[in-house]
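Now for the letters of each chain:
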Amino acid sequence: MADIRYLAPQSLDEAIGAFAAAGSAARILAGGTDLLVQMRSGVVKPGVIVDIKKIAEMTAIKEGADGSFVIGAAASGMALYEHPRFGKVWPGVLEGINLIGSKQVQGRASPGGNLMNGSPAGDSVPAMIAAGAIVTVQGPNGRRELKVEDVPAGPGRTNLKPGEILVSFKLPSRPSGSSDAYLRMIPRTEMDIAVVGIGVSLTIKDGVCTAARVGLGAVAPTALLVEAAGKALVGSKLDDAALEKAAEACRAACRPIDDKRGTIAYRIKTAGVLLKRTTAIAAKRATGK
Amino acid sequence: MNLVTNNKWIGQRTIRPDGMDKVTGRAQFAADTTMPGMIWGKVLRSPHPHARIRSIDTSKAEKLPGVKAVVTSKDIVDFPIDKGAVMLGIQDMRWMCRNVMARDKALFPGHPVAAVAATTEAIAAEACKLIEVDYEVLPWSIEIEDAIKPDASVLHEFNKWEGKPSNIAGRLEHKKGDIAEGFKQADVVIERTFTTRPVHQGYIEPHACLISVAPDGKTTIWSSSQGQFMVRAMTSMLTGIPQSDIRAIPAEIGGGFGGKTIVYLEPVATMLAKKSGRPVKMVMTREEVMRATGPTSGSRSTVKIGAKKDGTIVAAHGTFYLQAGAFPGSPIRGAAGCSFTPYDIPNLLSEGFDVCSNRSKVAAYRAPGAPIGAYAVECVMDEVAEALKMDPLDFRLKNAAKEGTKAAHGPTFPRIGYIETVEAAKNSPHYAAPLGKGPAGTLRGRGVASGFWFNAGGESSAQVNITEDGNVVVTTGHPDIGGSRAGIANICAELLGIDYKRVSVIIGDTQTIGFSNLTGGSRVLFASAMVVTQSAEKVIQTLRERAAKIWNIDPEAVKWDQGAAHPVSPNAGQFEPLTLKELAEKAPAMGGPIGAGVQLNTAGADGGFGTHVCDVEIDTDLGIARVIRYTAVQDVGRAIHPGYVEGQLQGGVAQGIGWALNEEYIYNKDGKVDNPGFLDYRMPVCSDLPMIDCIMVEVPNPKHPQGVKGVGEVPLVPVMAAVASAIYNALGIRFYSLPMSPPKISAALDANVKQAAE
Ligand SMILES: Cc1cc2nc3c(=O)[nH]c(=O)nc-3n(C[C@H](O)[C@H](O)[C@H](O)COP(=O)(O)OP(=O)(O)OC[C@H]3O[C@@H](n4cnc5c(N)ncnc54)[C@H](O)[C@@H]3O)c2cc1C
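Since the structure is predicted, the reported quantities are computational estimates derived from the model, not experimental observations.

S.K.: Residue-level account of the overall build of chain A, with values.
M.R.: When helices and strands are counted, chain A shows 12 helices and 14 strands. Relative to the 2.2 N^0.38 estimate, which gives 19 Å for 289 residues, the radius of gyration of chain A is 19 Å and therefore close to what a compact globule would have. If you line up chain A on its principal axes, its C-alpha atoms span 60 × 45 × 35 Å. For chain A, with 289 residues in total, the buried portion stands at 52%.

S.K.: Give a detailed account of the environment of Cys694 of chain B, specifying residues and quantitative values.
M.R.: Residue and element names in this part refer to chain B. With respect to the helices and strands, Cys694 occurs in strand β30 (residues 692-697). For the pair Cys694 and Asp18, spaced 676 residues apart in the sequence, the C-alpha separation amounts to 23 Å. With residues near it in sequence (within four places) discarded, Cys694 still touches Ala632, Glu646, Leu649 and Gln650.

S.K.: Give me the lowdown on the side chain of Lys260 of chain B, citing residues and values where you can.
M.R.: All names here are of chain B. As for its placement among the helices and strands, Lys260 is situated in the loop between β15 (246-250) and α8 (266-276). On the basis of relative accessible area, Lys260 is assigned to the buried category, the value being 1%. Polar contacts involving the side chain of Lys260 include one to the main-chain carbonyl oxygen of Glu205, which spans 2.9 Å. In this structure the side chain of Lys260 is engaged in a polar contact, spanning 2.8 Å, whose partner is the backbone oxygen of Gly255. Those residues within four positions of Lys260 in sequence are excluded, and the remaining contacts are Tyr203, Glu205, His207, Ser224, Ser225, Gln226, Gly227, Met230, Ile253, Gly254 and Gly255.

S.K.: So what's going on with the site of the ligand? Residues and values would help.
M.R.: Residues and elements named next belong to chain A. Surveying the vicinity of the ligand reveals 31 residues, the closest of which are Ile28, Thr33, Asp34, Ser110 and Asp123. Separating an oxygen atom of the ligand from a side-chain N or O atom of Asp34 is a distance of 2.5 Å. Gly101 places a main-chain nitrogen or oxygen 3.0 Å from a nitrogen atom of the ligand. Look at the ligand: alone it shows 980 Å² of surface, and the protein chains cover 86% of it. Looking at the shell around the ligand, the elements that each hand over two or more residues are β2 (26-29), α2 (35-40), α8 (111-116) and β10 (165-171). When grouped by side-chain class, the residues that make up the shell around the ligand number 16 nonpolar, nine polar and six charged. When residues of the shell around the ligand are assigned to domains, at least three map to each of domain 1 (5-119 + 134-171) and domain 2 (178-287).

S.K.: How would you explain the domain arrangement of chain B if you had to name every residue and give the values?
M.R.: All names here are of chain B. Here chain B is partitioned into domain 1 (19-27 + 456-602), domain 2 (33-138 + 205-254 + 260-292) and domain 3 (299-455 + 606-757). Domain 1 and domain 3 are separated by 39 Å when their C-alpha centres are compared. Residue-level contacts link 16 residues of domain 1 with 17 residues of domain 3. Summing both partners gives a buried area of about 1,200 Å² for domain 1 against domain 3, and 62% of it is carried by carbon and sulfur. If you sort the residues of domain 1 by the area they bury against domain 3, Gly482, Ser522 and Phe526 come out on top, with a joint share of 37%. The interface formed by domain 1 and domain 3 holds zero salt bridges in total. At the junction of domain 1 and domain 3, the tally comes to six residue pairs in polar contact (both at pLDDT 80 or more). Grouping the amino acids of the side of domain 1 that touches domain 3 by side-chain chemistry returns nine nonpolar, seven polar and no charged.

S.K.: Can you break down helix α1 (residues 12-22) of chain A residue by residue, with the values?
M.R.: Residues and elements named next belong to chain A. Every buried residue of α1 is accounted for by Leu12, Ala15, Ile16 and Phe19. Looking straight down α1, one finds its buried side chains confined to an arc of 95°; they lie on one side. Summarising the geometry of α1, the exposed residues directed more than 90 degrees from the buried face are Asp13 and Ala21. Next to the buried residues of α1 lie β2, β3 (48-51), α3 (56-59), β6 (134-139), β7 (142-147) and β10.

S.K.: Can you lay out the packing of aromatic side chains for me, pointing to particular residues and giving the numbers?
M.R.: Two aromatic rings are characterised by how far apart their centres lie and by the angle between their planes. Evaluated as defined, the whole model comprises 21 aromatic pairs over all chains. Each ring, one from Tyr343 of chain B and one from Tyr418 of chain B, has its centre 6.0 Å from the other, and the planes form 85°; the classification is edge-to-face. Here the residue Tyr343 of chain B occupies a position in the loop between α10 (332-338) and β19 (347-356), and Tyr418 of chain B occupies one in helix α13 (residues 418-426), the gap between them amounting to 75 residues. The class of Tyr343 of chain B is buried, set by a relative accessible area of 5%. Classification of Tyr418 of chain B as buried rests on a relative accessible area of 0%. Centre to centre, the rings of Tyr665 of chain B and Tyr681 of chain B are 5.9 Å apart; their planes meet at 75°, and the pair counts as edge-to-face. Of the two residues, Tyr665 of chain B is situated in the loop between α18 (642-661) and β30 and Tyr681 of chain B in the loop between α18 and β30; the sequence distance between them amounts to 16 residues. With respect to burial, Tyr665 of chain B and Tyr681 of chain B carry one shared label: buried. Linked through ring pairs, Tyr343, Phe413, Tyr418, Phe452, Trp453, Phe454 and Phe609 of chain B together constitute an aromatic cluster. Over the ring of Trp90 of chain A we find Arg174 of chain A; its NZ or CZ atom is 3.5 Å from the centre of that ring.

S.K.: How would you summarise the domain arrangement of chain A if you had to cite specific residues and measurements?
M.R.: All names here are of chain A. Examined at the domain level, chain A breaks down into domain 1 (5-119 + 134-171) and domain 2 (178-287). A straight line from the C-alpha centre of domain 1 to that of domain 2 covers 25 Å. Taken together, the contact pairs 15 residues of domain 1 with 12 residues of domain 2. Carbon and sulfur atoms supply 55% of the area that domain 1 and domain 2 bury against each other, a total of about 1,100 Å² over both sides. Looking only at domain 1, the three residues that lose the most surface to domain 2 are Glu95, Leu99 and Glu149, adding up to 40% of its buried area. Seen at the junction of domain 1 and domain 2, the total is two salt bridges. Residue Glu149 pairs with Arg213 through a salt bridge whose shortest N-O separation is 3.3 Å. Run the count over domain 1 and domain 2 and you get five residue pairs in polar contact (both at pLDDT 80 or more).

S.K.: Which residues make up the environment of Leu216 of chain A, and what values go with them?
M.R.: All names here are of chain A. Tracing the chain through its elements places Leu216 in strand β13 (residues 208-217). Judged by relative accessible area, Leu216 falls into the buried class, the value being 0%. When residues no more than four places from it in sequence are discounted, the contact partners of Leu216 are Pro126, Val196, Gly197, Ile198, Ala223, Leu224, Val226, Cys250, Ala253, Cys254 and Ala271.

S.K.: With reference to specific residues and values, describe the nonpolar core.
M.R.: Across soluble globular proteins, you tend to see nonpolar side chains buried next to one another. Ile305, Tyr630, Val723, Ile727 and Met740 of chain B are the most contacted members of the largest nonpolar core, which has 101 residues in total. Discounting residues that sit within four places of it in the chain, Ile727 of chain B has contacts with Val616, Ile618, Ala625, Leu661, Gly732, Ile733, Phe735, Met740 and Ile745 of chain B. If you look at the next biggest cluster of nonpolar residues, it comprises 45 residues, including Ile71, Ala133, Val151 and Tyr182 of chain A.

S.K.: Tell me about the interface of chain B and chain A, residues and numbers included.
M.R.: Note: interface size is frequently given as the accessible area lost on complex formation between the parts. Residue-level contacts link 28 residues of chain B with 21 residues of chain A. With both chains or domains summed, chain B and chain A bury close to 2,100 Å², and 53% of this area falls on carbon and sulfur atoms. For the pair chain B and chain A, the interface holds seven salt bridges. Between Asp680 of chain B and Arg261 of chain A there is a salt bridge, and its shortest N-O distance comes to 2.6 Å. There are 15 residue pairs in polar contact (both at pLDDT 80 or more) connecting chain B and chain A. When contributions to the side of chain B that touches chain A are tallied by element, the ones reaching two or more residues are α4 (121-130), β29 (624-635) and α20 (742-757) of chain B. Its residues assigned to classes, the side of chain B that touches chain A comprises 13 nonpolar, five polar and 10 charged.

Rules behind the numbers
- Residues numbered from 1 in each chain as written.
- Chains lettered and ligands numbered in written order.
- Predicted model: local features only at pLDDT ≥ 70, side-chain atom pairs only at ≥ 80, totals over all residues.
- Heavy atoms only, no water.
- Helix = DSSP H or I, 4+ residues; strand = E, 2+ residues; numbered from the N terminus.
- Rg over C-alpha atoms; globule rule 2.2 N^0.38 Å.
- Buried < 20%, exposed > 50% of the residue type's maximum accessible area, 1.4 Å probe, protein only.
- Contact = heavy atoms within 4.5 Å.
- Polar contact = N/O pair within 3.5 Å; in protein donor to acceptor, adjacent residues only side chain to side chain.
- Near = heavy atom within 4 Å.
- Areas by Shrake-Rupley, 256 points an atom, 1.4 Å probe, with all protein chains shown as cover.
- Nonpolar A, V, L, I, M, F, W, Y, C, P; charged D, E, K, R; others polar.
- Domains from an automatic or database assignment.
- Buried area = accessible area lost by both parts, 1.4 Å probe.
- Salt bridge = Lys/Arg side-chain N within 4 Å of Asp/Glu carboxyl O.
- Arc of directions from axis to C-beta.
- Phe/Tyr/Trp six-rings, centres within 6.5 Å; stacked < 30°, edge-to-face > 60°.
- Lys NZ or Arg CZ within 6 Å of the ring centre and 35° of its normal.
- Core = buried A, V, L, I, M, F, W, Y, C linked by side-chain atoms within 4.5 Å.

Written as structure tokens, this is what we have:
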């Protein structure tokens, strides 16, 4: 029944100061599409809320001269959708982000919130992992960088230290002939939670796959980088044998549970099916066909 | 029969009277009402599926600052179990008093055990946690097969089956001929067992109410329900306040589908309001709705059908076990009574068993029981047709019930429209169209199924008043959940010969309009059109008398036409017509206000039949079935407002597709619902469904002034079987359990591949 203090600082330093000072009772607010739902259902009861959307860096979307992108952790799905270039370069990452919720939710939901919420089923996370995104975090002890796949620690938990805020995602530049894709399996057509989600990012040169990364979601306590799947694709012409090998790597990486959202057998099988489908889409985009 | 021909308004898609309010967010639903001094009520619910309540200590909660009242079963009127049934409609008050507040035992997780009213919702919730309940936890069962085991833990010891305490609370049978003899004549006999899961009505608006009890006992209830009179009567019986002191005001309703035909909160909030002296508001969370309000039954059915080579069905036997939940009263009547009714079967035995188990008390859901039974019967019909190498619609036509057929549940049918629905389905563009091929990795299939629902009449009251400026206000007593206001406006405009916009239709509260039974059983337009028609006819009679008085001629010499009184012929006299407006203006001088009310226990409701055609496309790698085309054909009697009738058909189909493919209650190992929200309780969203085509067959009901038949429930009845048969047609695999969710379809496809390999 305690009151909640709401803060909306204009600078990152201020935000970090307030966040660190409030300790474990504080929560960062980006779009609030997870946080407010959790507060309403009584799962979290923050004493202090630090809204980060007023901080310019947190919502900025910048394309570097080398073709890399830096996106603020609190940029909304809709802002990314409307960006003239982002979706052309990272169609799979955009797909993952834009699959979150509905139009209304897209106006608020952010990739930072999706990652920091710590759900193994977060839709943007496998695509970010496939993209090789690096995140910048800042806390009372300054800035540091982490690979995106190193952020989640388990359901609802991350490896950020107390007082640290996720600032931005950096998506590297890639050679021409590169693209990505994200697919998820849900029983319905929308407004549902992924039973399995897969992001694939790859580069194709003269018909041969020269680089590939695969991110896999909803089949283990955290979203995973499936290195073996990427390796199976690299050097191949994405022929059936290579695809089957990559699919097998995805199936092998699964450590799912039987629950109301799907059986173990179904999740494992689906991981393989989706690997093939997602790779096909990414390849088509990469080769412009 | 007095069928209006050349209609101007009946059959028109007029703008719905509630439309503007709903699309602009102005409509007042139950949770939208507030009062000065209002406080909040919250319910403490049992965490256990089955437990004896040894004691409840509320003292700590009562001491919490902000708490104004605490209620337990001591505050609710007891209807002792051993004193016999006290029925209100289909509800036994012995069960209702225990369902709104557990007495000696908690019977499902979510069962209310106490309630608190406090100055804020948060304090009320906090106080609930301070209530100490001493439970003796008991063994429990939820699934039918567990509940009917001889050693199952019994919910109600007094309930005996074959001489012993049991969870089987009742049996019903419909019988015709001799099935043993009948099956002997059969060339093909198919018997299958089916299971279905509990599914929730899924109304968007949670249960909510605001209740004020004045110091003199006068009680006002604002709540959303399918019957303000039901709310008044049940609240009265459970609180001891006489009905004359309770004014139940119906809010706009955000969906009910049968689930709002009983009360949960109103008696509790009334007692909290009475004890605290403050108006009390209660609003359920979605989780409370999912845990503690009635989903329909889970079921286990066995159906056996025998037919001769020429396609004649000679015998059928159906056994339907339905979960009642915590208290007796599952809808076995619908399952056993409706499922075989589309067919003329000489030897038939249809049995229903009512099974109590430790889940929330079942509540009505759109044609209660009938979709469960039809799923089993129609799937077997499909298999028999296949075995006979007959088109499934031809097989149905061969055995179709028609005028003169005696239904096993009693009636000998008058002129009915079942055959017309099958023929319309057969002749539909959908049935004629090739299935076509989907993208690589998909398979398509088509299925058909039929269904029946009783429909109902019963008590209705109406008042038709002419305003001083010559317009019309109609008041009826039924919450409008399916378009009854629009239908009534069309009928009134037609009868009075005036523009539809001049008729305003409102729903009265319990103290301003006469008793009107629940909105349920697809009865409302049938019944209220009767009382409104008779009221309007009385008004027209008055108008003719007024004109006759003004013209100084005989009332018989005046006719009412196009909204005005005219002399019947030039012989009667040469007068300018007197319009409704003119007669209303002259009313004070000519005899006073113009209006009439009629109250009836209506009879003559005819049952409804539907036949559906469904196409599915299945992603064979992932096991996802999508409905890609759907046509619902139904005998609708007379479509007073075709847009609303189609809305009913489409809504029923949408719910059935959800039931068929994804919806289900999932219980965890502790007997608690594991998916009490719309994220994991997967009702279809818009993009899951194709545009659902409707074909309305009109075989008017001769016993109704406009030919109306109920239309709201039939459209859910055939759906699951149509979807199941379509999936079979696509995959060659029959599923005998619902839902046919992706993991289940995928596992069956894998098993097939494995089998083929062996
Ligand atoms: C109707 C609906 C549908 C949804 N559908 C989907 C879906 O399809 N797929 C899906 O993946 N998710 C879905 N979600 C969940 C949610 O929308 C997403 O996870 C979204 O990305 C969260 O972003 P946000 O900005 O709203 O996060 P918030 O709710 O603001 O934050 C989420 C969590 O992360 C923390 N946090 C946020 N930003 C930072 C930061 N920069 N640094 C440190 N901590 C931070 C917050 O404190 C909080 O704990 C849905 C939610 C709703 C309500």
